[in-house]
Amino acid sequence: QDAKEPPTTEETKLEEDTGPHLPDMYLHALDSDAVFSVTSCPKRKCLTVYMAPWCPHCRNATQTIIALRQSLADHGVETRIIVGKCDPQEAEDYARSFGAGTLLDPAGDFKPRGVPHFYVSQDGGKILEDVAGMPPGGLDALAARLGLP
């Protein structure tokens, strides 16, 4: 039987980088001219939540997601909320529910498989968890489903 050499550092890095990634794109933040990379994550893990103002499940989950954002911040997890797939003014109006720093994608260029949509990623955009729809059970159940504290 042939012995296999251990992977080199470059091969290990390549292995770690394979798999699904967030789209490599930049979006404007609410009330700002600044643009932010969707793939950049300033913490060990980031939660990206894609919402749409016309979605009743998104509207019903708004307060839960705001509470989750605060809870995760207390545990060192960055949360980014993207509002899109709608008229630019509707995106801005709904984004105000989440506050400054909410990213805008009115044209729907991000293309989630549904809304709300939750992505847990690391820096570079590698997706660790991908959850379409709002899991039942509130804040604790949502955090558990996402594998977050």
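Presented here is a report on the structure given in the accompanying data block. All values reported here derive from a predicted model rather than from experimental measurement.

Calculation criteria
- Residues numbered from 1 in each chain as written.
- Predicted model: local features only at pLDDT ≥ 70, side-chain atom pairs only at ≥ 80, totals over all residues.
- Heavy atoms only, no water.
- Buried < 20%, exposed > 50% of the residue type's maximum accessible area, 1.4 Å probe, protein only.
- Helix = DSSP H or I, 4+ residues; strand = E, 2+ residues; numbered from the N terminus.
- Pairing = 2+ DSSP bridges.
- Right-handed = clockwise from strand over helix to strand, strands pointing away.
- Disulfide = S-S within 2.5 Å.
- Axes fitted to C-alpha atoms, helices over the stretch in contact; angles between N-to-C directions.
- Contact = heavy atoms within 4.5 Å.
- Salt bridge = Lys/Arg side-chain N within 4 Å of Asp/Glu carboxyl O.

**Things to note about the pairing of strand β3 (residues 46-51)**
Right, so step 1: Extensive coverage of β3 is indicated by the burial of 6 of its 6 residues.
Right, so step 2: Residues Cys46, Thr48 and Tyr50 point to one face of β3 and Leu47, Val49 and Met51 to the other, with burial holding for every one of them.
Right, so step 3: Sheet topology note: the β3/strand β4 (residues 78-84) ladder contains 6 bridges and is parallel. By the bridge assignment for β4, Cys46 is matched with Glu78.
Right, so step 4: Each parallel crossover has a hand, and the one from β3 via helix α2 (residues 56-74) to β4 is right-handed.

**Considering the state of the cysteines**
Right, so step 1: Inspection of every chain in the model, using the stated rule, returns 1 disulfide.
Right, so step 2: The disulfide partner of Cys41 is Cys46, and the S-S distance across this bridge is 2.1 Å. Measuring the twist about the S-S bond at about 100°, one finds the Cys41-Cys46 disulfide to be right-handed. You'll find Cys41 and Cys46 in the same group, each marked buried.

**Some words on the sheet that holds strand β1 (residues 26-29)**
Right, so step 1: Strand order in the open sheet formed by 7 strands is β2-β1-β5-β4-β3-β6-β7, and the pairing between neighbours is mixed. The open sheet has two edge strands with one neighbour each: β2 (35-37) and β7 (127-132). Across this sheet, the average inter-strand angle for adjacent strands is 30°, counted without regard to direction.
Right, so step 2: Against the sheet, α2 makes contact with β3, β4 and β6 (117-121), and its axis sits at roughly 165° relative to β3, the strand it touches most.

**A closer look at the pattern of salt bridges**
Right, so step 1: For the structure shown, the criterion picks out 4 salt bridges.
Right, so step 2: A salt bridge links Arg113 to Asp130, with the nearest nitrogen and oxygen atoms 3.0 Å apart. Pair noted here: Arg113 is in the loop between β5 (103-105) and β6 and Asp130 is in strand β7, with a separation of 17 residues, a long-range link.
Right, so step 3: A residue is classified by how much of its surface remains accessible, and Arg113, at 61% relative accessible area, is exposed.
Right, so step 4: We note a salt bridge from Arg145 to Glu129, for which the minimum N-O separation is 3.7 Å. Pair noted here: Arg145 is in helix α4 (residues 138-146) and Glu129 is in strand β7, with a separation of 16 residues, a long-range link.
Right, so step 5: Taking the relative accessible area as the measure of exposure, Glu129 reaches 30% and is therefore partly exposed.
Right, so step 6: Ionic contacts of the salt-bridge type, sharing partners, join the residues Asp31, Glu92 and Arg96 into one network.

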